[in-house]
Amino acid sequence: MRSRTPHRLRRALAGLALAAACAGAFAITPTVPAQAAAVPLCIGYNGLQTANTVAVVMAGNFVSGSHPAYHVATGTSVNWAADPYHDQSWRVWFHSLKWVGALIYDYQRHGNRTSLDRATALVADYVSKNPLGHTSDPTTELLSMGHRAQLYACLAEANGDPAWLKAAGSATATYLESHWAGVWNQGLDQDLGILTIGCVMGFPTLADFASNRLGYAAAQVFDSQGATNEQAPGYAIYSYDRWLIALDRIAACGKTPPSGLDVRLAKVPTFVAHATGPDGYLTQIGDTEAVPPLDHPGTGFTYVATRGASGTAPPTDVAVYSAGYVFGRSSWSPFADASYYTLRFGPPKALHGHFDRTQVTFYSQHRQVLLDSGHIGYTDVVDRTWLWSPEAHNVLTVTGLRADSTRPTTLVSQFQSPGWDAYRLSDAPYDTVTRVRNVLIARGPDFIASYDMGGTNAPRQFLVNWHLPIGMGVVIAGRSRATATNGAAQTTIIRVAMPNAPLGPGALLTKSGIWSPRLNTKYANPIVYMPTIGRSTGTFSVIVPAATGTPVSAGAATAANGHVQVTVTVGAVVHVIEIGRDGSLTMVS
């Protein structure tokens, strides 16, 4: 629900309307800023100035993301209703106004008054045509508003704060006070907008408010291990960058930095390093694209950004984060030769998270073996909804039930050793359903064993889903085996029958899923899934990457000690896994 307009906002809006009505309200004659900061408070333009060069903007064009330039302005008159690609991100950055940043920068660096005049006129056109809070697209309006507030401050630093700009800045900042997005990147950018407007335009109450709320958010956005609260490693990098800026601008504004934030920020590069696979790309957990992390020289980013060429690797091969992540690799050097896995548990889905709890991803032999379905962006609602869903992840699902986003997943136990790691996870993702995943990751040869147990109060179809990379051709062999190949690469998936519990009727199945490595891109990829119908399931899977033609087998028997043991044979190498009475897995040979 939209909150009532506070008295201070009504006054600011009235001032904005009055300024717009006055003759010459949007004149571009420079004035002296009400408060000049010793250190520039302009936060920058989120990279939009790179594609939106002076020539591009002066020609009336706007570029965002992978879309081609689109003509939005004739002279200084802009079509603010433009939506050529039906892409919310495009609209948000268009309405952020940060695409005029190159013009402001051109003036500040080169004294080109023509560029500053055009930037001022374009911003004035927006203010005159878009009364605050009354656009045709309120979602775009609010999402873009924090960035637009920052742009107002940048323009004021370069060109003073004439009455119309000061009124727009005050009204925007006041609106953001009572329409906060919360403790994540959107709320951060809103508060940075309030802070810079308050400091540049001379509104000390606004600056104090923003500084206090930034302090409140700073205590929650990264935990003591450096993990992000946004549930997506890609957003950890963005938040890290923005909070570094926030610390600098808080100090420039003469405010007290949030206590302890610098310590937590120092741990973020290690978190991101662990979330980066041996291929040099971020693991797609939550709303994360498969892209390399950017380097920040002198930090833990350098080692993974350079793929081990420089910098220092984290001190451990396995990292368990209480925010709900396990990252493990065989070694950090040679960087590209490692095997690598991730595992999800932890708090309920929030912000940029997906329904991915208990998911395992796997990388071995210089290729993805099990992957997350990825992140397509925010415009394609149908595909985005599916990519969020449990079915889009390597987890046990229940057909016909809707997952509950309010339920956490517990890491019950963990074990790490040079040759293998094992974990036990437990949750209740659906009403009346309990779920336990026991997973073992072996090294030399590399493989994953997963024992998924589920129970419910009525007969249901349980499905264990395994998502494979694009290009893998899958051949199903009855109820227990699937072989996926692509040239020299082979992945064997085996459903192992337990003693005295033969596999039920029905073969392993395969279907086409979606893999989205980057925004607005998608590819069809194969999913192998294992069905069970009943009130419970106990599905034991073995996933083995190997060279094409390598013989792979797995079978179970009851040992002399009464425990079930699963023998996994890869080529000439044999390993034995013992299943505990609670379902936990242990490598015994």
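About the thresholds
Residues numbered from 1 in each chain as written. Predicted model: local features only at pLDDT ≥ 70, side-chain atom pairs only at ≥ 80, totals over all residues. Heavy atoms only, no water. Salt bridge = Lys/Arg side-chain N within 4 Å of Asp/Glu carboxyl O. Helix = DSSP H or I, 4+ residues; strand = E, 2+ residues; numbered from the N terminus. Buried < 20%, exposed > 50% of the residue type's maximum accessible area, 1.4 Å probe, protein only. Pairing = 2+ DSSP bridges. Axes fitted to C-alpha atoms, helices over the stretch in contact; angles between N-to-C directions. Core = buried A, V, L, I, M, F, W, Y, C linked by side-chain atoms within 4.5 Å. Polar contact = N/O pair within 3.5 Å; in protein donor to acceptor, adjacent residues only side chain to side chain. Contact = heavy atoms within 4.5 Å. Phe/Tyr/Trp six-rings, centres within 6.5 Å; stacked < 30°, edge-to-face > 60°. Lys NZ or Arg CZ within 6 Å of the ring centre and 35° of its normal. Left-handed = near helix turned anticlockwise from the far one by under 90°.

**Q** Explanation requested: the pattern of salt bridges in the structure shown.
**A** Any two side chains of opposite charge can pair if their charged atoms end up close together. Evaluation of the coordinates by the stated rule reveals 17 salt bridges. Among the ionic pairs, Arg407 bridges to Asp404, the shortest N-O distance being 3.1 Å. Asp582 serves as the salt-bridge partner of Arg424, at 3.9 Å between the closest nitrogen and oxygen. Of the two residues, Arg424 sits in strand S12 (residues 420-427) while Asp582 sits in the loop between strand S22 (573-579) and strand S23 (585-587), which places them 158 residues apart along the sequence. For Asp582, a relative accessible area of 38% corresponds to the partly exposed category. Linked by salt bridges that have partners in common, Arg344, Asp356 and Arg357 make up one network.

**Q** Explanation requested: the sheet that holds strand S7 (residues 340-344) in the structure shown.
**A** The pairing of strands in a sheet comes from backbone hydrogen bonds and takes either a parallel or an antiparallel form. Strand order in the open sheet formed by 5 strands is S5-S6-S7-S8-S9, and the pairing between neighbours is antiparallel. Strands with a single pairing partner mark the edges of an open sheet, and in this sheet they are strand S5 (318-321) and strand S9 (367-370). Across the sheet, the mean angle from the axis of one strand to that of its neighbour is 10 degrees, orientation sign disregarded.

**Q** How should I be thinking about the nonpolar core in this particular structure?
**A** Counting residues in hydrophobic clusters, the biggest one holds 85 residues, and the most contacted among them are Phe94, Trp99, Val123, Tyr152, Ile197 and Trp243. When residues in this core are grouped by element, the largest group, 9 residues, is from helix H7 (residues 138-159).

**Q** I'm lost on unusual backbone geometry in this one. Help?
**A** Glycine aside, residues mostly have negative phi, and peptide bonds are mostly found in the trans state. A cis amide bond links Ser333 with the next residue in sequence, Pro334, at an omega value of -5 degrees. Along the chain, the position of Pro334 falls in the loop between strand S6 (325-329) and S7. Following Gly444, the chain continues to Pro445 via a peptide bond in cis, the omega torsion being -5 degrees. Topologically, Pro445 is positioned in the loop between strand S13 (434-442) and strand S14 (447-467). Backbone geometry at His86 places phi at a positive 50 degrees, although glycine is not the residue there.

**Q** Would you mind showing me how to read the side chain of Thr397 here?
**A** Within the secondary structure layout, Thr397 lies in strand S10 (residues 396-398). Separated by 3.2 Å, the side chains of Thr397 and Asn465 make a polar contact. Residues within four places of Thr397 in sequence aside, it is in contact with Pro390, Glu391, Tyr430, Gln461, Phe462, Leu463 and Asn465.

**Q** Explain the packing of aromatic side chains to me, please; I cannot follow it from the model alone.
**A** For any two aromatic rings, the description comes down to two numbers: the centre-to-centre distance and the angle of the planes. One pass over the full model with this rule turns up 25 aromatic pairs. Taken together, the ring pairs connect Phe62, Tyr70, Trp80, Tyr85, Trp90, Phe94, Trp99 and Tyr126 into an aromatic cluster. One cation-aromatic arrangement involves Arg113 over Tyr107; the distance from NZ or CZ to the ring centre is 5.5 Å. For the cation-ring pair, Lys349 lies above Phe355, with the distance from its terminal atom to the ring centre recorded as 5.7 Å.

**Q** Just checking my understanding: could you explain the packing of helix H4 (residues 88-96) against H7 for this structure?
**A** Geometry of a packed helix pair, given as the angle between the helix axes and the separation of the axes. Across the interface, H4 lies against H7 with an axial gap of 7 Å and an inter-helix angle of 35 degrees. Every pair of crossing elements has a handedness; the one defined by H4 and H7 is right-handed. Within the contact between the two elements, H4 uses Gln88, Arg91, Val92, Trp93, His95 and Ser96 and H7 uses Thr139, Thr140, Leu143, Ser144, His147, Arg148 and Leu151.

**Q** Is there a simple way to think about the sheet that holds strand S20 (residues 552-558) in this case?
**A** The 4 strands are arranged S20-S21-S22-S23 in an open sheet whose pairing can be described as antiparallel. Single-partner strands in this sheet number two, and they are S20 and S23. For this sheet, the mean inter-axis angle between neighbouring strands, taken without regard to orientation, is 25 degrees. Direction of pairing for S22 relative to S23: antiparallel, over a ladder of 3 bridges. Within S23, the position partnered with Ile579 by the bridge is Leu585.

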